[in-house]
Each structure stands twice: as C-alpha cells, then as structure tokens.
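Close look at the chain arrangement
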Amino acid sequence: MELKGIKILAFGMIAEKINASEFYLKEVSNTNELLSSLNSLYPQLKEMKFTISVNRRIVNNNEPLNADSEVALLPPFSGG
Amino acid sequence: MELKGIKILAFGMIAEKINASEFYLKEVSNTNELLSSLNSLYPQLKEMKFTISVNRRIVNNNEPLNADSEVALLPPFSGG
Amino acid sequence: MERKPKQIFIQGAISSSKIADSIQKHSSKTDIGAHSIFLGQVRTDEKPEGIIQAIEYTTYEEMALQKAFEIREDIFAKYPLTCLHIYHSLGVVKTGEICLFVFTSSKNRKAATEACNEMVERIKNELPVWGKEIIDEKKSLWKENS
Amino acid sequence: MERKPKQIFIQGAISSSKIADSIQKHSSKTDIGAHSIFLGQVRTDEKPEGIIQAIEYTTYEEMALQKAFEIREDIFAKYPLTCLHIYHSLGVVKTGEICLFVFTSSKNRKAATEACNEMVERIKNELPVWGKEIIDEKKSLWKENS
C-alpha cells in the first residue's frame, strides 16, 4: 500500500469513461475517501451511477480499506 | 341412425373397462338417454368418472343427439 | 393469415435433437429476446403395484388438435408472443425420456415465461390425452394428473 | 458434499447443441418429471444511434462466480430441485444467438418453473455482468436491464 496504494478495478462504462480497467489510489483508508478521491481524479464519473464492492461484496456504507482490499467500481448490471 | 345408431368413442380406462374403443347405441336422442343406456349396458362404468363430448365439445347439460353426432366418453385427462 | 389446427403429436419420445432444431430455427427471428421451454419427462414412480417403467399415451386426436388450437389462440391473444410451439408424445415413452415440449418466445421475458406456464397448465387440464403407466407386461395403471 | 462455485461463463454464443447435450444428460435421472429452461437471445433493437448487431459481454468473474454460487444455494434451499444449471456468454454474441441458458429440473413442475423464473431475475439483477450493444465498428451503447 505504501508503494502503489489500493488496487481499484473498473468495469463496463466506468472502465470506458476513465479509459482503464485497473488503477491504484494512495491515501484512501475507507470507501468515503475513495469516492472523494475518484471525484477529483475523474470528474467524468460524477454523473454516473455505480456501486462499490470491497473483496467482491457490494458495500452500501462507509467501509474501511487496507492494502489487501480488492475494490471494484460497478456500473448497473446488464447481464442476460 | 336407423341402422347402426349413434357412434360412441371410448378412450383410456373407459375403453379398457368396456373392452371397446368404438360402439353404436340405438334409440338415444340426447345425452341423458345416452347415460341411462350406458348404465344398463355397462354397469362397470357406474363408479367411473368421465365426461361426454359431442362433436368434440365437452357437454355439461343434456344435449340433443342425431345420426351425425360424434359422441365420446372421456375419462379424466392425464397428458403431459 | 388464418391460423389452423396443426399437428402437435409425435410418435414416441421427443428427442433432444428435435428440441435443439426447434431452438436453432429461431435464430433467424432477431426480434426475439427470450425463450421459455417446458419439458415433461417420464418419471420413475414407485406404486403399491410396482415401479413405473414407461407411460403409454393415447389421445382423441381430432378433439385434441382442435383444443390445442383454441388454447394457442387464447394465449396469443393474451400475451405478446413471437412464437408458440407444442409437442406431445403418443405411444410408449420410457422413464427418463421427454413426453411434452412447450416452447414460447417473445421480445421480453415476462410474456414468454408466463405464457409457457399457462400453456402447460392448460395442456394438462384440457387436452384429451391419457397416460397408462406401465409396470410390466401384465400390470399397468391409469395416470392421474395432480 | 460441499458445493463450490463453478464456471458458468462460455466464450461467445451458447449453441443449441450445448443445450441439447445438457437435456440429454438428464435422461439418466429418472426421478425428474419436469424441466424448465430459460434462454436469453440477443435481440435486434433500433436505437436513435442505429441498429444493434451484437452484444459484447464482460464480467467481474471472481465476484460473478461467487454470486452465482450464492444464488444457486438460495434457490436449492427454497425449492425441491433435482438440478440447476446456469450458463452465460462472455464476449461478442450476435443478434439471434443465445447468451443466457438457465435450466432447472424437479420431480413436479411447480418447483422447476418457479425456480427458473427466480433464477433468471436474480441473474439479471445481481450478477456483475455488463453488455455493450454494438451498432457498428465505431458505435456502441451500454445495455440497461429493464
């Protein structure tokens, strides 16, 4: 975490908008901080709907993050 | 009708009970008369559940019959 | 286009390749978004008289085809379907084999699934078809739909 | 026996022969009386941007397999099923081709049909899968489930 920060996966239209399917963010210790950080880094995400998963579970409240957390940005599902 | 009477088709367990899938009945001018006639001819049908169709339509009330009527004795359906 | 009663009966079991062909044929209909399929399979059943090995189906064909046609028209009027197919076996179908194939297709899934369920219920209740459950060469029972 | 997440994804379209094989395999399970199958087919759709030619599916695979496993366990706990199979396409699936195959089997028809419907709803709502609707080499839209 000191070196690269937390790994963030992006999918679907989020990955398309930010032009990356994987990136790292430093100095975020919970999901609220993550959201603020994303908003300043990628203002284009502001008007987009997405949920956050931590370790493959969707989180609805502020969730602590650490170096091993696997975080993902999930736009609305459209399988089937 | 004068010669052979009305044609009666029998299916499933009814055909098995009376040992015939087709027979003729004389002097029946409606389905109530048909039922009485069946009861005396085939007493084994008395305890059996079946419906009657005339010209491929199920009848629930007394229905007139003529030489051209296609009558069938239908035990409970068990397709599928 | 006037629709007319069409054949729904197949002699013996319905093969999985018949089902695959039927699915494959719909790939040219690109307005379809959802298919719902129901398959009835002959089940081993233990009765006091013995174990069911097969069911032998008979029908009053003219009436059954007319009734299947009416049900089909009702379902087409009720649901926005693209296609609706029914196949029912006649004669002997062994346990593990398919005896009923109902196939509905529509733009969105709700119509296809609801129509398929309703179709199956109506077929079981309204088609003059009878199943004789065969235990061995001498013993059989008349199937009852629950 | 402990059940574990298993692969549900197939690269490209789901073929009708794959579906037939899956049906055929169940003929040895003679306690089955009913199968319910749902198939999702990629539909031609006219959007202001153009006509949809294909959908390209991507997923967050580890999460999707875990979620599919959880849904499967829930459905098995809720309905008396014999079998339950799910297959979903990844990559490009053209209009007219099958992208989703859900297959439930049970002794009596009610469990199979209800479980199949519930499974399809949950897959659409809960699996992290995304469809990109392809109009041509340059244009595409992100699919939204209704």
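All figures in this text were calculated on a predicted structure; none of them were measured in a lab. (Residues numbered from 1 in each chain as written. Chains lettered and ligands numbered in written order. Predicted model: local features only at pLDDT ≥ 70, side-chain atom pairs only at ≥ 80, totals over all residues. Heavy atoms only, no water.)

**Re the overall build of chain C**
Heads up, the rule is: Only DSSP runs of H or I covering at least 4 residues are called helices, and only runs of E covering at least 2 are called strands; the numbering of each starts at the N terminus. Per-residue accessibility, obtained with a 1.4 Å probe over protein chains only, is compared with the maximum for each type, and a residue is labelled buried under 20%, exposed over 50%, and partly exposed between these values. Working rule for contacts: check all heavy atoms of both residues, and any pair within 4.5 Å makes them a contact. What sets the accessible areas is the Shrake-Rupley method with a 1.4 Å probe; for residues, cover comes only from the shown protein chains. Under the convention used here, Asp and Glu are negative, Lys and Arg are positive, and both His and the chain ends fall outside the count. Note on charges: their place is set at NZ of Lys, CZ of Arg, CG of Asp or CD of Glu.
Each helix and strand in chain C was counted, giving 3 helices and 9 strands. Listing the helices and strands of chain C from first to last along the sequence gives β-α-β-β-β-β-α-β-β-α-β-β. With the principal axes as the frame, chain C shows a C-alpha extent of 50 × 30 × 25 Å. Each of the 146 residues in chain C was classed as buried or not, and the buried ones make up 58%. Contacts spanning at least 24 positions in sequence make up 76% of the contacts within chain C whose residues lie at least 6 apart. Split by element, the accessible area of chain C, about 6,600 Å² in all, is 47% carbon and sulfur. Here chain C contributes 21 positively and 21 negatively charged side chains, and the mean placements of these two sets differ by 5 Å.

**A word on unusual backbone geometry**
Despite not being glycine, Glu27(A) shows a phi value in the positive range, around 55°. Turning to its location among the elements, Glu27(A) is positioned in the loop between β2 (22-25) and α2 (31-41). On the basis of relative accessibility, which here comes to 74%, the residue Glu27(A) falls in the exposed class. Although it is not a glycine, Asn19(B) adopts a positive phi angle of roughly 60°. Tracing the backbone through its elements, the reader meets Asn19(B) in the loop between α1 (12-18) and β2 (22-25).

**Overview of the sheet that holds strand β5 (residues 70-74) of chain B**
Residue and element names in this part refer to chain B. Keep this limit in mind: At least two DSSP bridges between two strands are required for those strands to pair. The convention used is that axes are lines fitted to C-alpha atoms, helices contributing only their stretch in contact, and that angles between N-to-C directions extend from 0 to 180 degrees.
Across the sheet, 5 strands lie side by side as β2-β1-β5-β3-β4; this open sheet has mixed pairing. The outermost strands of the open sheet, each flanked by one partner alone, are β2 and β4 (57-59). Neighbour to neighbour, the strand axes of the sheet diverge by 35° on average, direction disregarded. Inspection of the sheet shows strand β1 (residues 6-10) paired to β2 by 4 bridges, in the antiparallel sense. What sits directly across from Ile-6, in β2, is Leu-25. Here helix α2 (residues 31-41) sits on the sheet in contact with β1, β2, β3 (51-54), β4 and β5, set at roughly 110° to β2.

**Overview of the packing of aromatic side chains**
In this description, an aromatic ring pair is defined by two values, namely the gap between the centres and the angle between the planes. Let me state the cut-off plainly: Any two of the Phe, Tyr and Trp rings considered here, Trp counted by its six-membered ring, make a pair once their centres fall within 6.5 Å; the pair's planes then place it as stacked at under 30 degrees, edge-to-face at over 60, or tilted in between.
Counting across every chain of the model gives 12 aromatic pairs over all chains. Centre to centre, the rings of Phe23(A) and Tyr42(A) are 5.4 Å apart; their planes meet at 70°, and the pair counts as edge-to-face. Taken as a pair, Phe23(A) in strand β2 and Tyr42(A) in the loop between α2 and β3 (51-54) lie far apart in primary sequence, 19 residues in all. Here the aromatic cluster, defined as three or more aromatic residues joined through ring pairs, consists of Phe11(A), Phe77(A), Tyr60(D) and Trp130(D).

**Structural notes on the arrangement of the chains**
Ranking the 3 pairs of chains in contact by contact count places chains C and D at the top. Considering only C-alpha positions, the minimal separation of the non-contacting chain A and chain B is 30 Å. Note that chain A does not reach chain C: the shortest distance linking a C-alpha of one to a C-alpha of the other is 10 Å.

**Some thoughts on the relation of the copies chain C and chain D**
Operational definition: Superposition of the copies used a least-squares fit over C-alpha atoms from residues whose pLDDT is at least 70 in both.
For the match of chain C to chain D, the screw axis carries a shift of 0.0 Å, the RMSD comes to 0.0 Å, and the turn is 180°. The relationship between the two copies is best expressed as a two-fold rotation axis. When the interface residues of chain C are mapped onto chain D, 100% of them again lie at the interface, so the same face is used by both copies.

**Thoughts on the pairing of strand β2 (residues 34-41) of chain C**
Within β2(C), 8 of the 8 residues are buried, leaving the element largely enclosed by the surrounding structure. Burial of the side chains of β2(C) extends over both faces: Ala34(C), Ser36(C), Phe38(C) and Gly40(C) are buried on one face and His35(C), Ile37(C), Leu39(C) and Gln41(C) on the other. In terms of strand pairing, β2(C) meets strand β7 (residues 98-106) of chain C through 8 bridges, oriented antiparallel. Within the sheet, the bridge partner assigned to Gln41(C) lies in β7(C) and is Ile98(C). Where β2(C) and strand β2 (residues 34-41) of chain D come together, 7 bridges link them in antiparallel fashion. Along β2(D), the bridge assignment pairs Leu39(C) with His35(D).

**Remarks on the interface of chain A and chain D**
Test applied: The term buried area denotes the loss of accessible surface (1.4 Å probe radius) that occurs when two parts are joined, taken as the sum for both partners. Just to be clear on terms, a salt bridge is a Lys or Arg side-chain nitrogen sitting within 4 Å of an Asp or Glu carboxyl oxygen. Two N or O atoms form a polar contact when they lie within 3.5 Å of each other; inside protein one atom must be a possible hydrogen donor and the other a possible acceptor, and for residues adjacent in sequence the pair counts only when both atoms belong to side chains. Each residue gets one of three labels, nonpolar for Ala, Val, Leu, Ile, Met, Phe, Trp, Tyr, Cys and Pro, charged for Asp, Glu, Lys and Arg, and polar for the others, Gly among them.
Each partner contributes residues to the interface: chain A has 18 residues there, and chain D has 24 residues. Between chain A and chain D lies a buried interface of about 1,700 Å² when both sides are counted; carbon and sulfur atoms form 57% of it. By the criterion of area lost to chain D, the three top residues of chain A are Phe77(A), Ser78(A) and Gly80(A), representing 40% of everything that side buries. Counting across the chain A and chain D interface gives 2 salt bridges. A salt bridge links Arg57(A) to Glu70(D); the nearest nitrogen and oxygen atoms lie 2.6 Å apart. The tally of links between chain A and chain D comes to 14 residue pairs in polar contact (both at pLDDT 80 or more). Counting only elements with at least two residues in the side of chain A that touches chain D, the list comes to α1 (12-18), β4 (57-59) and β5 (70-74) of chain A. When the residues that make up the side of chain A that touches chain D are grouped by side-chain class, the tally is 9 nonpolar, 5 polar and 4 charged.

**Quick word on helix α3 (residues 109-126) of chain C**
Here is the rule we go by: What a helix is expected to span follows from its residue count: subtract one and scale by 1.5 Å.
Spanning 18 residues, α3(C) covers 25 Å between terminal C-alpha atoms, matching the ideal 26 Å at 1.5 Å per step. Within α3(C) the residues assigned to the buried category are Arg109(C), Ala111(C), Ala112(C), Thr113(C), Ala115(C), Cys116(C), Met119(C), Val120(C), Arg122(C), Ile123(C) and Lys124(C).

**Digging into the interface of chain C and chain D**
Taken together, the contact pairs 35 residues of chain C with 35 residues of chain D. Summing the contributions of chain C and of chain D, the shared interface buries around 3,000 Å²; its carbon and sulfur component is 48%. Its largest share of buried area at the contact with chain D, chain C owes to Gln41(C), Arg43(C) and Arg109(C), together 23% of the area lost on that side. Between chain C and chain D we count 2 salt bridges in total. Where Glu121(D) meets Arg109(C), a salt bridge forms, and the shortest distance between an N and an O atom there is 2.9 Å. Where chain C meets chain D, there are 21 residue pairs in polar contact (both at pLDDT 80 or more). For the side of chain C that touches chain D, the secondary-structure elements that each account for two or more residues are α1 (16-25), β2 and α3 of chain C. Sorting elements by how many residues they give to the side of chain C that touches chain D places β2(C) first, with 8 residues.

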